[in-house]
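Chain by chain, the residues run as shown.
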Amino acid sequence: MATLPARLISESDTVDPRQHNLGEAPVSLGRADECDITVSMSKVSRLHARLEFIEGVYFISDAGSTNGTFVNGHRIVGQHPLQHRDEIGLSDPRMLFTFYAADHTELSLPRIRFDERRWAFFFANQEVELSADQFDLLRFLYDHQGELCTREACSMAVWKRPYDPHMDAEALDQIVSRVRARLKKIDPSASNIFVTVRGRGYRLDVW
């Protein structure tokens with residue numbers, strides 16, 4: 001994970017300040033004077049992008065700008081995790097900033113993450129489409145990541161009622177199987193995220 005503080009550095013005289021030390025507080029980028037980092041370029045929106053520090057990782061997201069935010073030449077959608085020496089462009093794919101992780105190592109990113117603002121799960125930076133039952137179970141396991149969650153607890157989280165082994169054991173297994181299948185469509189290595197402990201419950205290994 002990143003060690004505070006990381007840095008955002010620009011060589012452009014349109015950027016003020018050219019070097020900004022990043023901490024835990026969110027950072028706003030845009031043309032407006034109120035932004036933490038101002039960019040005096042007409043194509044840059046007044047509030048263009050945001051940087052946030054979430055669970056040891058820096059993420060950049062577009063703030064609804066007109067011309068988009070880019071990382072390493074690609075326009076981003078949603079929150080995009082940053083790694084050491086990523087190149088950031090505002091309104092243009094060309095580099096305007098370079099992100100430097102404090103320890104100058106690659107960031108260790110969670111394989112799956114929950115975006116509170118969008119109320120959605122992302123895997124390999126792609127949003128995961130889930131039914132209501134799948135979402136509720138995944139959210140419960142995510143909130144208790146790394147822990148064994150019993151079938152009884154999972155049943156209460158999904159259906160808000162006590163566990164019935166005759167009805168719920170197979171139903172829970174099916175929900176887990178379907179979520180696994182959705183993740184594997186995005187990345188085949190996802191199969192080991194869910195651990196099934198036979199007769200007891202499930203564990204979610206995020207990292």
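Residues numbered from 1 in each chain as written. Predicted model: local features only at pLDDT ≥ 70, side-chain atom pairs only at ≥ 80, totals over all residues. Heavy atoms only, no water.

Some words on the overall build of the protein chain
The helix and strand tally for the protein chain stands at three helices and 18 strands. Principal-axis analysis of the C-alpha atoms gives the protein chain an extent of 70 × 35 × 30 Å. Classification of the 207 residues of the protein chain by burial places 45% in the buried group. A fraction of 42% describes how many contacts in the protein chain between residues 6 or more apart in sequence connect residues 24 or more apart. Split by element, the accessible area of the protein chain, about 10800 Å² in all, is 47% carbon and sulfur. In the protein chain, which carries 25 positive and 30 negative side-chain charges, the distance between the mean positions of the two groups comes to 4 Å. (Helix = DSSP H or I, 4+ residues; strand = E, 2+ residues; numbered from the N terminus. Buried < 20%, exposed > 50% of the residue type's maximum accessible area, 1.4 Å probe, protein only. Contact = heavy atoms within 4.5 Å. Areas by Shrake-Rupley, 256 points an atom, 1.4 Å probe, with all protein chains shown as cover. Lys, Arg positive; Asp, Glu negative; His and termini not counted. Charge placed at Lys NZ, Arg CZ, Asp CG, Glu CD.)

Quick notes on the pairing of strand 3 (residues 19–22)
Judged by which residues are buried, strand 3 turns out to be one-sided: His20 and Leu22 face inward and are buried, whereas Gln19 and Asn21, on the alternate face, are not. Pairing of strand 1 (residues 6–9) with strand 3 involves four bridges; the strand directions are antiparallel. Looking at strand 3, one finds that Ala6 is bridged to Leu22. (Pairing = 2+ DSSP bridges.)

Focus on the packing of aromatic side chains
Applying the stated rule across the entire model yields nine aromatic pairs. Through successive ring pairs, a cluster of aromatic residues spans Phe114, Trp119, Phe121, Phe135 and Tyr142. The side chain of Arg7 reaches across the aromatic face of Tyr100, ending 5.2 Å from its centre. (Phe/Tyr/Trp six-rings, centres within 6.5 Å; stacked < 30°, edge-to-face > 60°. Lys NZ or Arg CZ within 6 Å of the ring centre and 35° of its normal.)

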